[in-house]
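Here is how the chains run, residue by residue.
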Amino acid sequence: MDRRPTLLATAEFLAWWAALAMLWLVLISAVDALELAVGAGVAGVAALAAVAARRAVAGR
């Protein structure tokens with residue numbers, strides 16, 4: 001069983017998540033626990049959408 005596609009998809013998701021979470025932190029004015037939680041959740045949803053969009057365009 002080849003695990004490489006799964007590892008690549010996970011790495012892509014984590015890269016998107018990290019970039020979007022950092023963008024969120026740059027754009028907010030006050031950093032508190034609630035903002036961090038919301039930012040992490042929204043970044044996760046957006047990262048999932050970015051990975052899905054790229055895979056749809058690539059035809060996989």
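Above: the structure in question.
Rules of the game
- Residues numbered from 1 in each chain as written.
- Predicted model: local features only at pLDDT ≥ 70, side-chain atom pairs only at ≥ 80, totals over all residues.
- Heavy atoms only, no water.
- Helix = DSSP H or I, 4+ residues; strand = E, 2+ residues; numbered from the N terminus.
- Rg over C-alpha atoms; globule rule 2.2 N^0.38 Å.
- Areas by Shrake-Rupley, 256 points an atom, 1.4 Å probe, with all protein chains shown as cover.
- Lys, Arg positive; Asp, Glu negative; His and termini not counted.
- Charge placed at Lys NZ, Arg CZ, Asp CG, Glu CD.
- Salt bridge = Lys/Arg side-chain N within 4 Å of Asp/Glu carboxyl O.
- Buried < 20%, exposed > 50% of the residue type's maximum accessible area, 1.4 Å probe, protein only.

Visitor: Which parts of the structure should I look at to understand the overall build of the protein?
Guide: A count of helices and strands for the protein gives two helices and zero strands. Over its C-alpha atoms the protein spans a radius of gyration of 14 Å, topping by over 25% the 10 Å that the globule rule assigns to 60 residues. Accessible surface computed for the protein: about 4,600 Å², of which carbon and sulfur atoms make up 73%. Taken together, the 5 basic and 4 acidic charged side chains of the protein have centroids lying 17 Å from each other.

Visitor: Teacher, can you tell me more about the pattern of salt bridges here?
Guide: Side-chain pairs of opposite charge can arise where the charged atoms are in close proximity. Taken as a whole, this structure holds one salt bridge when the rule is applied. Across the pair Glu-12 and Arg-54 runs a salt bridge whose closest N-O atoms are separated by 2.6 Å. Taken together, the residues span a long stretch of sequence, with Glu-12 in helix α1 (residues 4–27) and Arg-54 in helix α2 (residues 33–58) at a distance of 42 residues.

Visitor: Which parts of the structure should I look at to understand the environment of Ala-50?
Guide: Assignment of secondary structure puts Ala-50 in helix α2. Residue Ala-50 is classed as buried on the basis of its relative accessible area of 17%. The spacing of Ala-50 and Ala-30 is 20 residues in sequence and 26 Å in space, taken between C-alpha atoms.

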